[in-house]
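As a plain string of letters, each chain reads:
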Amino acid sequence: MNPVIVRNVKIGEGIPKICVPVVGVTAEEIRKEAEALLSIPADLVEWRADWYEGVFDVAKVKEVLRNLRCALGEKPILFTFRTSGEGGEKSIAEADYLALNREVAESRLADLIDAELFMGDGLVKELIETAHQNGVKVIASNHDFQKTPEKEEIVSRLRKMQELGADILKIAVMPQEKKDVLTLLAATEEMIRLFAKQPVITMSMAEMGIISRIAGEAFGSAVTFGSAKKSSAPGQLPAGELSKVLKVLHRA
């Protein structure tokens, strides 16, 4: 597997990196959340732009990104517009989704962008090409808040992301019973062992899936998501607690 280096963070080696979301509604809330992250053990920060009230105004989006960069220093920034179909706060047309992410990539104000796999092969390929032309990395993603697909389907989706050229491959699924968590972990292990050339991020959501958020190093997931003030998905642990547990498991 080839680690992905973003600023001073190497994703895909050693202890899983902790990503913390910023989910403010207003520019002022976003600024305050970002400043609070300086005292939290986060390796990278995800701006969940779908929470932002001005997200459909590109000039305002770029201004928020500039302020985030000032507040966060060298901490990598992941720009994410999570669509409502995959657990996000707002709906968006495909053309607008493409245009927004292209503008962000071309501005080079974010270090990574998130591209949802089910937006379509052509759209994802175009975003990846634009991002790479501007030195920006891409996390291809898929989020199923209803169920956990079969192991073969999880592996298939991750392999598809890799084929499209994404730098990092991500899938999050919802367990309905305990064996669903084992399905996600088994799919992660198989993907890493047999197919992965890029770092993989996987998680089983909600309280039932918490073990998947701390066991990444054992099964192959390279990043885990922790919370600061607000969580962006069910089951996220506070980043401080998460960091302590990850270090204990790493030593073991």
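Above this text sits the structure in question.
Note on numbering: residues in each chain are counted from 1, in written sequence order. Given that this is a predicted model, residues contribute local features only at a pLDDT of at least 70 and side-chain atom pairs are listed and counted only at 80 or more, while totals for whole chains, interfaces and linings are drawn from all residues. To get the side-chain values, take all heavy atoms of the structure and skip hydrogens and water.

A.B. asks: Report on the overall build of the chain, specifying residues and quantitative values.
C.D. replies: Runs of E in the DSSP output that reach at least two residues are strands. Runs of H or I that reach at least four are helices, and both are numbered from the N terminus. Assigned secondary structure in the chain consists of 9 helices and 11 strands. With the C-alpha coordinates aligned to their principal axes, the bounding extent of the chain is approximately 45 × 40 × 30 Å. Burial here depends on accessible area, computed with a 1.4 Å probe over protein chains only, as a share of the maximum for the residue type. Under 20% is buried, over 50% is exposed, and the range in between is partly exposed. Burial analysis of the chain (252 residues in total) assigns 54% to the buried set. Sequence separation of 24 or more characterises 73% of the internal contacts of the chain that already satisfy a separation of 6 or more. The method behind every accessible area is Shrake-Rupley, applied with a 1.4 Å probe, and residues are considered shielded solely by the protein chains displayed. By element, 50% of the accessible surface of the chain is carried by carbon and sulfur atoms, the whole surface being about 10800 Å². Here the positive residues are Lys and Arg and the negative ones are Asp and Glu; neither His nor the chain ends is included. Just so you know, the charge point we use is NZ for Lys, CZ for Arg, CG for Asp and CD for Glu. Between the centroid of the 33 positive side chains of the chain and the centroid of its 37 negative side chains there is a distance of 4 Å. For this analysis, residues touch if any pair of their heavy atoms sits within 4.5 Å.

A.B. asks: Now, about the pattern of salt bridges: what can you tell me, with residues and values included?
C.D. replies: It is possible for side chains of opposite charge to pair when their charged atoms get near one another. We define a salt bridge as a contact between a side-chain nitrogen of Lys or Arg and a carboxyl oxygen of Asp or Glu at a distance within 4 Å. Scanning all chains against the criterion turns up 20 salt bridges. For Arg102, the salt bridge is made with Glu106, and the minimal N-O distance between the two is 3.6 Å. Residue Arg102 and its partner Glu106 are both found in helix H3 (residues 94-107); the two are separated by 4 residues, about one turn of the helix. The salt bridge involving Arg193 is made with Glu189; its shortest N-O contact spans 2.6 Å. Of this pair, Arg193 and Glu189 both sit in helix H6 (residues 178-194), 4 residues apart, which is roughly one turn of the helix. Given a relative accessible area of 52%, Arg193 falls into the exposed group. Several salt bridges converge on common partners, so that one network encompasses Arg7, Arg69, Glu74 and Asp111.

A.B. asks: If you had to explain the layout of surface pockets to someone new, which residues and values would you point to?
C.D. replies: Taken as a whole, the largest pocket encloses approximately 150 Å³ of empty space. Using a grid of 1 Å spacing that covers the protein atoms alone, one calls a set of points a cavity when a 1.4 Å probe fits there but cannot get out, and a pocket when the set is open and has protein on both sides within 12 Å along at least five of seven lines; lining residues are those with an atom within 4 Å of a point. Lining the largest pocket, in full, are Ile15, Pro16, Lys17, Ile18, Pro41, Ala42, Asp43, Ser243, Leu246 and Lys247. Of all elements in the fold, only strand E3 (17-22) and helix H9 (239-251) reach the threshold of two or more residues within the lining of the largest pocket. No other element matches H9, which puts 3 residues into the lining of the largest pocket. Grid points are joined across faces, edges and corners, and a volume is the space filled by probe spheres set on the points.

A.B. asks: Tell me about the nonpolar core, and please be specific about residues and values.
C.D. replies: Within this scheme, the nonpolar core is defined by two criteria: the residues are buried Ala, Val, Leu, Ile, Met, Phe, Trp, Tyr or Cys, and they are joined through side-chain atoms within 4.5 Å. Grouped together as the largest cluster of nonpolar side chains are 63 residues, with contacts concentrated most on Trp47, Leu65, Leu68, Phe79 and Ile113. At 6 residues, helix H2 (residues 58-72) tops the list of elements feeding residues into this core. Filtering out sequence-adjacent residues up to four positions away, Leu65 remains in contact with Trp47, Ile77, Phe79, Val104, Leu109 and Ala110. Listed in part, the 18 residues of the second largest apolar core include Ile11, Ile168, Met203 and Met205.

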